Amino acid sequence: MEDDVAKGLVPFFVSTTLGSTSCCSFDNLTEIGPVCHRFPAVWLHVDGAYAGNAFICPENKPLMAGIQYADSFNTNPNKWLLVNFDCSTYWVRDRIRLTSALIVDPLYLQHANSDEAIDYRHWGVPLSRRFRALKLWFVIRKYGIEGLQSYIRNHCQLAKSFEVLVKKDSRFEVVNEVKMGLVCFRLRGTDRLNQDLLASINGSGKLHMIPSLVKGRYIIRFCVVAEHANEADIDHAWEVIQEHTNDLLESYTIEKVAPIPAKPATPEITPKPPMQRIISRRLSFTRSVSRDLYRRSLSRSSLHDGATPIIVPEDEDNIIPENDNMDEDVFHSLTIREEKEVV
């Protein structure tokens, strides 16, 4: 920021996170805040989309250290406070600074009661908005502050229980500091190994997890989300993970020790293998689409998350040799010309 000022630029916005999406990490506001206050034009925003809901529990408030420096704070009750999508709560220190940048007040929108109530059309880009506050009000009335606190605390405790199970198995490692309901872990090994594990688990339909990258490494995110989750659910989830891990490591061992067939002394004509649909060992599930949509999907790359469906055409024309090597991608990147040749 000092370099920017020296170049004649004006720093004006800093965004921080309390509970990042990938691994629920927390920015240090006690260090960032004073720096931002040295630049009068800077607006310091704090994003607590997920973890911000947990601050209704007093024991979690130390994670908000430095929040007094914030100009605005946002959290999403639909992520961890039992409110259906979408619902975001936004606090702002100085609403005049916000509305002065967004105010739209042509003659046809003016009315006699403008000074009697807050007009939220000046608080955002759209002129109108849904009554999202109503569903949040109903949730608070239904559960009460103690009920919502109990819900948050249960998830945090279950996440710690899962962390203990992971750490007991030397094949795994926990890669984040578990403070909320999220545990990030991985098998000790390659990213490819962890991709295969996640695809196998998600493909079973017994459990669903989402991947991410932390410090350049592929990790698996286990997040407690069910309202009435309990210790038995955590134990079951861990059993599913261990079951698929055992099967995966066994298959890797078999692949390593499998003998390499010797080359025939004289060339032989190999019969053409049978034709079948493309199947990947990272297969989680498939989705049938029209032939036109299928062709457009061929240019897309896979997330390798075990959750992205493999796109297959509704007809039976998408067939390739059984022994074709799919390499890394679950989407087979055939061009239309190549596809016709295969068929």
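The rules behind the values
- Residues numbered from 1 in each chain as written.
- Predicted model: local features only at pLDDT ≥ 70, side-chain atom pairs only at ≥ 80, totals over all residues.
- Heavy atoms only, no water.
- UniProt positions renumbered as here; feature names shortened; annotations may be inferred.
- Helix = DSSP H or I, 4+ residues; strand = E, 2+ residues; numbered from the N terminus.
- Buried < 20%, exposed > 50% of the residue type's maximum accessible area, 1.4 Å probe, protein only.
- Contact = heavy atoms within 4.5 Å.
- Areas by Shrake-Rupley, 256 points an atom, 1.4 Å probe, with all protein chains shown as cover.
- Core = buried A, V, L, I, M, F, W, Y, C linked by side-chain atoms within 4.5 Å.
- Domains from an automatic or database assignment.
- Phe/Tyr/Trp six-rings, centres within 6.5 Å; stacked < 30°, edge-to-face > 60°.

The chain goes by Aromatic-L-amino-acid decarboxylase in an unreviewed UniProt entry, where it is assigned to Cryptotermes secundus. Per UniProt, the comment on the chain under Cofactor (unreviewed entry) is "pyridoxal 5'-phosphate". Its UniProt record gives the chain the following Sequence similarities (unreviewed entry) comment, quoted word for word: "Belongs to the group II decarboxylase family."

Before going further, it helps to examine the overall build of the chain. Broken down by element type, the chain carries nine helices and 12 strands. Taking all 343 residues of the chain together, 41% fall into the buried category. Summarising the internal contacts of the chain: among those between residues at least 6 apart in sequence, 66% fall at separations of at least 24. Counting only carbon and sulfur atoms, one obtains 56% of the accessible surface of the chain, whose full area is about 20,600 Å².

This part covers the nonpolar core. Counting residues in each nonpolar core, the largest one holds 30 residues, and the members touching the most others are Leu18, Cys24, Phe26, Phe55, Trp80, Ile152 and Met180. Mapped by element, the contributors of at least two residues to this core are α5 (132-168) and β6 (182-187). If one sorts the elements of this core by residue count, α5 sits on top with six residues. Taken together, domain 1 (1-135) and domain 2 (147-256) each give at least three residues to this core, which thus spans both. In contact with Trp80, other than residues within four places in its own chain, are Tyr50, Asn53, Ala54, Tyr151, Ile152, His155, Cys156, Met180 and Gly181. Phe172, Met209, Tyr218 and Trp238 belong to the second largest nonpolar core, which has 29 residues in total.

Our next topic: the UniProt feature "modified residue: N6-(pyridoxal phosphate)lysine" (unreviewed entry) in the chain. Per the UniProt record, "modified residue: N6-(pyridoxal phosphate)lysine" (unreviewed entry) is annotated on Lys79. Inspection of the secondary structure puts Lys79 in helix α3 (residues 77-80). In this view, Lys79 contacts Ala49 and Tyr50; residues no more than four positions away in its chain are not counted.

Under the criterion given, the structure shown has eight aromatic pairs. Both rings, one in Tyr50 and one in Trp80, keep their centres 4.5 Å apart while their planes meet at 10°; by these two values the pair is stacked. One end of the pair, Tyr50, is in the loop between β2 (43-47) and β3 (72-75); the other, Trp80, is in helix α3, and 30 residues separate them in sequence. Ring geometry for Phe172 against Phe185: centres 5.9 Å apart, planes inclined by 55°, an arrangement best described as tilted. With Phe172 in strand β5 (residues 172-174) and Phe185 in strand β6, this pair connects stretches of sequence that are 13 residues apart. The exposure classification of Phe172 matches that of Phe185, with both residues buried. Aromatic rings pair up to connect Phe162, Phe172, Phe185, Phe222 and Trp238 into one cluster.

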